[in-house]
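Descriptive analysis of the structure
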Amino acid sequence: MNGIATLRDIEAVEAAGSPADQAESTYELIRRTAAHMPEAPALSFFLTAAEHDKPETWSYQQLFADITRTANFFHTIGVTK
């Protein structure tokens, strides 16, 4: 399938069910993407509206590293699920 353009396309995707290798979490999905294409843009944002013409962009590698660092910090201070 080249894309989703119609309701019929959506129904076909839903009927196919989940892929066998579907990530079990958002963390796993970002980890896989960071491993597969680390330099691809993952997140773009600007800190103020005045800076809208020059957004900060993080790669998947940067995003995954920061997510992991943050998760490790929370674990260290005793935060659990």
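Read on for a plain summary of the structure. (Residues numbered from 1 in each chain as written. Predicted model: local features only at pLDDT ≥ 70, side-chain atom pairs only at ≥ 80, totals over all residues. Heavy atoms only, no water.)

1. So, the pattern of salt bridges
- One pass over the full model with this rule turns up three salt bridges.
- A salt bridge links Glu28 to Arg32; its shortest N-O distance comes to 3.0 Å. Taken together, the residues span about one helical turn, with Glu28 and Arg32 both in helix H2 (residues 26-36) at a distance of four residues.
- On the accessibility criterion, Arg32 (32% relative accessible area) is partly exposed.
- The partner of Asp66 in a salt bridge is Arg69, and the shortest N-O contact between them spans 2.0 Å. Residue Asp66 and its partner Arg69 are located together in helix H3 (residues 60-76), separated by three residues, close to a single helical turn.
- When its relative accessible area of 25% is taken as the criterion, Asp66 is described as partly exposed.
- Judged by its relative accessible area of 52%, Arg69 is exposed.
- Salt bridges sharing partners connect three or more residues here, namely Glu28, Arg31 and Arg32. (Salt bridge = Lys/Arg side-chain N within 4 Å of Asp/Glu carboxyl O. Helix = DSSP H or I, 4+ residues; strand = E, 2+ residues; numbered from the N terminus. Buried < 20%, exposed > 50% of the residue type's maximum accessible area, 1.4 Å probe, protein only.)

2. Some words on helix H1 (residues 7-16)
- Counted residue by residue, H1 has zero buried out of 10 residues, so it is predominantly exposed.
- Positioned one or two residues after H1, Gly17 has a phi angle of 80°, which is positive.

3. Details of H3
- In this model H3 runs 24 Å from its N-terminal to its C-terminal C-alpha over 17 residues, within 8% of the 24 Å that 1.5 Å per residue would give.
- Buried residues in H3 make contact with H2, strand S1 (41-45) and strand S2 (56-59).
- Note on H3: the residue one or two positions beyond its end, Gly78, has a positive phi of about 95°. (Expected span 1.5 Å × (residues − 1). Contact = heavy atoms within 4.5 Å.)

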